[in-house]
Amino acid sequence: MSDRSGERAVSDAWGKPRRFRICPSILSADFSRLGEEITRVTSAGADFIHVDVMDGRFVPSITFGPILVRAMRRLTSLPLDVHLMVVEPMRFLEDFAAAGADCLTVHVEAVEDPVDAVRRIRARGLRAGLTVKPSTSVGRLLPALPECDIALVMTVEPGAGGQRFLEGSAERIATLRSAIDSGGFDCLLSVDGGIGPETAPIAARAGADTFVAGHSVFRAPDPGEALAALRRSIEGA
């Protein structure tokens, strides 16, 4: 990623010269062995750790907040990619920045001005992402792409792990891929929801370069091998 004013240095894993990045989602991890789970996927080549924050209002589920991010910061040097599925996400920027998040991704449905939201996140020295629910046009992301670090396409309805990859997702991914490439924007194109060895190649062929995976990695008998198999499926797409 290119240098931009207001950013602090993050792990080299953010900018490593890889065509694809895999981000295990701890929503599906065994929290009684969280340190071990993170170590296993780190050793297997995870690029980021994805943290799904849910408030029970924007989505029905409730998960965790800055306290867990702070604890995870002590467990890994990988970038922590925090996905805020919350009402009024801009209220929490300082808390997550102080806890050690490297990137904050907010929903366009939860902010009044997506461009302003990205700028406010970046002003705190963090990478900034925007995401849309499956029912929201990806066109809502387009004005902010020049300043985004991540554009995230939800390929399931947000709020729970273990869902099936939604039909029509590939077309939405391809629309954003075309916009990013034609604009020359320095922005990762991420997908989240139902990502496994069968669906990740579909997203890769449509133009995704960053893959959030929860159940397919952490619920496998060997999460490290599952992550490696997922990467092989993407690279073979």
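Presented here is an overview of the structure given in this document. The model shown is predicted, which means the values in this text are computed figures rather than measured ones. Position numbers for residues start from 1 in each chain and track the written sequence from start to end. In keeping with the model being predicted, local features are shown solely for residues with a pLDDT of at least 70 and side-chain atom pairs are shown and tallied solely at 80 or more, while totals for entire chains, interfaces and linings include all residues. To obtain the side-chain values, all non-hydrogen atoms of the structure were used and water was disregarded.

**Side note on the overall build of the protein chain**
Then step 1. Each helix is a run of H or I in the DSSP string that is no shorter than four residues. Each strand is a run of E no shorter than two, and both are numbered from the N terminus. A count of helical and extended segments in the protein chain gives eight helices and eight strands.
Then step 2. C-alpha extents for the protein chain along the principal axes are approximately 45 × 35 × 35 Å.
Then step 3. Here the protein chain holds 237 residues, and the buried ones make up 55% of them.
Then step 4. For the protein chain, restricting intrachain contacts to residue pairs at least 6 apart in sequence, the fraction spanning at least 24 positions comes to 67%.
Then step 5. Summing over all exposed atoms, the protein chain offers an accessible surface of approximately 9,800 Å²; the carbon and sulfur share of this is 49%.
Then step 6. Within the protein chain, one finds 27 positive and 31 negative side-chain charges whose respective centroids are separated by 2 Å. The rule is simple: take the accessible area with a 1.4 Å probe, protein chains only, and divide by the maximum for that residue type; under 20% is buried, over 50% is exposed, in between is partly exposed. By definition in these notes, contact holds between two residues if any of their heavy atoms fall within 4.5 Å. Values of accessible area rely on a 1.4 Å probe in the Shrake-Rupley scheme; residue burial ignores everything except the protein chains shown. We treat Lys and Arg as the positive residues and Asp and Glu as the negative residues; His and chain ends play no part in the count. For this purpose, a charge sits on NZ of Lys, CZ of Arg, CG of Asp or CD of Glu.

**A short note on the pattern of salt bridges**
Then step 1. Definition used for salt bridges: Asp or Glu carboxyl oxygen within 4 Å of a side-chain nitrogen of Lys or Arg. Enumeration over the complete set of coordinates arrives at 15 salt bridges.
Then step 2. With its nearest N and O atoms 3.8 Å apart, the salt bridge here joins Asp 222 to Arg 40. One end of the pair, Asp 222, is in the loop between helix H7 (215-218) and helix H8 (223-235); the other, Arg 40, is in helix H1 (residues 34-43), and 182 residues separate them in sequence.
Then step 3. By relative accessible area, Asp 222 is classed as partly exposed at 40%.

**Some remarks on the nonpolar core**
Then step 1. Remark: nonpolar core denotes a set of buried residues (Ala, Val, Leu, Ile, Met, Phe, Trp, Tyr, Cys) joined through side-chain atoms within 4.5 Å. Counting residues in each nonpolar core, the largest one holds 66 residues, and the members touching the most others are Ile 26, Met 72, Val 82, Leu 104 and Phe 211.
Then step 2. When sequence neighbours within four positions are dropped, the list of residues in contact with Val 82 reads Val 51, Val 53, Val 69, Phe 96, Ala 101, Cys 103, Leu 104 and Thr 105.
Then step 3. By size, the runner-up hydrophobic cluster in this structure holds nine residues, among which are Cys 103, Leu 152, Val 156 and Leu 188.

**Observations concerning the environment of Gln 163**
Then step 1. The residue Gln 163 is located in the loop between strand E6 (150-154) and helix H5 (169-183) in this model.
Then step 2. Taking the C-alpha atoms as reference points, Gln 163 and Gly 193, separated by 30 residues in sequence, lie 6.6 Å from one another.
Then step 3. Discounting residues that sit within four places of it in the chain, Gln 163 has contacts with Val 156, Glu 157 and Gly 194.

**Comments concerning the sheet that holds strand E3 (residues 80-85)**
Then step 1. Should DSSP find at least two bridges between two strands, the strands are taken to pair. With respect to topology, eight strands assemble into an open sheet ordered E1-E8-E7-E6-E5-E4-E3-E2, the strand pairing being parallel. Sheet topology places strand E1 (21-24) and strand E2 (49-54) at the edges, where each strand pairs with a single neighbour. Within the sheet, the average angular offset between the axes of one strand and its neighbour, ignoring direction, is 25 degrees.
Then step 2. Where strand E7 (residues 188-192) lies against strand E8 (residues 210-213), three bridges are found, and the strand directions are parallel. Across the sheet, Asp 192 pairs through a bridge with Val 212, a residue of E8.
Then step 3. Here the axes come from fitting lines to C-alpha atoms, over the contacting stretch only for helices, and the angles between their N-to-C directions go from 0 to 180 degrees. Packing against the sheet, helix H2 (residues 66-73) makes contact with E2 and E3, and its axis sits at approximately 170 degrees to E3.

**Some words on the pairing of E2**
Then step 1. For E2, the tally of buried residues reaches six of six residues, placing the bulk of the element in the interior.
Then step 2. Of the two faces of E2, both are covered, the one formed by Ile 49, Val 51 and Val 53 as well as the one formed by His 50, Asp 52 and Met 54.
Then step 3. Pairing analysis gives six bridges linking E2 to E3, with the strands arranged parallel. Note on E3: the bridge partner recorded for Val 53 is Leu 84.
Then step 4. Between the parallel pair E2 and E3, the chain is carried across by H2, and the sense of this crossover is right-handed. Look down the strands so they point away from you; if the path from the first strand over the helix to the second goes clockwise, the crossover is right-handed.

**Topic: helix H4 (residues 114-122)**
Then step 1. Three or more residues of H4 are buried, namely Pro 114, Val 115, Ala 117, Val 118, Ile 121 and Arg 122. When H4 is viewed along its axis, its buried side chains cluster within an angular range of 160 degrees and face the same direction.
Then step 2. In the core, the buried residues of H4 are packed alongside helix H3 (93-99), strand E4 (103-107) and strand E5 (127-132).
Then step 3. The residue sitting at the N-terminus of H4 and contributing the capping side-chain oxygen is Asp 113; that oxygen lies 3.1 Å from the backbone nitrogen of Val 115. The arc under discussion is defined with respect to the helix axis, by the directions toward the C-beta atoms. Within 3.5 Å is the distance limit for a polar contact, defined as a pair of N or O atoms, with the added protein rule that one can donate a hydrogen and the other accept it, and that residues adjacent in sequence qualify only through two side-chain atoms.

Scope: geometric values only; no functional claims are made or implied.
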